[in-house]
Amino acid sequence: MARNPKESNSESESSKHPSSSTTTTTKTSQKVKNQANYQKQQQYLTKHIHSNGPNDKPKVLPLDFDKYSDEVLIKYNKRYGLNLPNPTSVNNDILNSEIGKKTFTKRNSSNGGVGKKSSTPANKITKIDLANQVKNHFLNLPTKENEIITNFLYKVKHQDDEFKLTFK
């Protein structure tokens, strides 16, 4: 019997499909394996290669003033003469509470004891307010980019040089 050309085409196509489907299945499974291996590799790198050990701390963004400690914000305040009050602390809040006012520390603090007015938290601000004020001041500082770049390049070029004054 003579075969119909349509039948022969369909038979040849059907014989091609199983092999091509296994190829695509193999490619997709390989792609999934590669992605899994890539993720494992990235986890390994972040854990072992880019780590400074057990004291590894997340990096603070330079303009994220909320993350800086109280001491850093107070130093900035004093350095640039912003005359902002120091931030309140938990100890200060506890001592200014009703129970805290009865403690020995509060009664005998630097205000001279009983009879004088104690310092109230009115001359204190929150750390968030202080950080916002410091950030606003920092962002409003005038910058001369040409001078900054020139000074940076000079320091990089001459960082190993020692200043020597010779007399002849």
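Residues numbered from 1 in each chain as written. Predicted model: local features only at pLDDT ≥ 70, side-chain atom pairs only at ≥ 80, totals over all residues. Heavy atoms only, no water.

Caption draft 1: Spotlight on helix α2 (residues 70-79). Within the span of α2, buried status applies to Leu73, Tyr76 and Asn77. In an axial view of α2, the angular spread of the buried residues amounts to 100°, which keeps them on one side of the axis. For α2, the exposed residues set more than 90 degrees away from the buried face come down to Glu71, Lys75, Lys78 and Arg79. Where α2 is buried, its residues touch α5 (127-139). (Buried < 20%, exposed > 50% of the residue type's maximum accessible area, 1.4 Å probe, protein only. Helix = DSSP H or I, 4+ residues; strand = E, 2+ residues; numbered from the N terminus. Arc of directions from axis to C-beta. Contact = heavy atoms within 4.5 Å.)

Caption draft 2: Region of the structure containing α5. For α5, spanning 13 residues, the distance from its first C-alpha to its last is 18 Å, which sits close to the expected 18 Å at 1.5 Å a residue. Every buried residue of α5 is listed here: Leu130, Ala131 and Val134. Along the axis of α5, the buried residues cluster in a sector spanning 100°; they form a single face. In this fold, the buried residues of α5 make contact with α2. (Expected span 1.5 Å × (residues − 1).)

Caption draft 3: A look at the nonpolar core. Counting residues in hydrophobic clusters, the biggest one holds seven residues: Phe65, Leu73, Tyr76, Ile125, Leu130, Ala131 and Val134. Those elements that place two or more of their residues in this core are α2 and α5. Sort the elements by how many residues they give to this core and α5 lands first, with three residues. Other than its neighbours up to four places away in sequence, leucine 130 contacts Leu73, Asn77, Leu84, Pro85, Pro87 and Ile125. (Core = buried A, V, L, I, M, F, W, Y, C linked by side-chain atoms within 4.5 Å.)

Caption draft 4: Looking closely at the packing of aromatic side chains. Overall, the coordinates contain three aromatic pairs when judged by the stated rule. Considering the side-chain rings of tyrosine 76 and tyrosine 80, the 4.6 Å spacing of their centres and the 40° angle between planes classify their relative orientation as tilted. Residue tyrosine 80 is classed as partly exposed on the basis of its relative accessible area, which comes to 38%. Chaining the aromatic ring pairs together yields one cluster made of Phe65, Tyr68 and Phe138. (Phe/Tyr/Trp six-rings, centres within 6.5 Å; stacked < 30°, edge-to-face > 60°.)

Caption draft 5: Seen up close, the confidence of the model for the protein. Residue-level pLDDT values for the protein average 75, and 62% of them are 70 or greater. Across residues 112-121, confidence stays below pLDDT 50; counting only partners more than four residues off in sequence or on other chains, it has nine contacts. (pLDDT = per-residue confidence, 0-100.)

Caption draft 6: Geometry of unusual backbone geometry. Although it is not a glycine, asparagine 83 sits at a positive phi angle of roughly 55°. Tracing the backbone through its elements, the reader meets asparagine 83 in the loop between α2 and α3 (90-95). Here asparagine 83 falls in the exposed class, since its relative accessible area comes to 74%.

Caption draft 7: Quick peek at the packing of α2 against α5. Interhelical geometry of α2 versus α5 gives an angle of 45° and a closest axis separation of 10 Å. Taken together, the axes of α2 and α5 are oblique relative to one another. Here the hand of the crossing between α2 and α5 comes out left-handed. Counting all contacts with α2, which are made through Asp70, Leu73, Tyr76 and Asn77, the residues of α5 involved are Lys127, Leu130, Ala131, Val134, His137 and Phe138. (Axes fitted to C-alpha atoms, helices over the stretch in contact; angles between N-to-C directions. Parallel < 35°, antiparallel > 145°, perpendicular 65-115°, else oblique. Left-handed = near helix turned anticlockwise from the far one by under 90°.)

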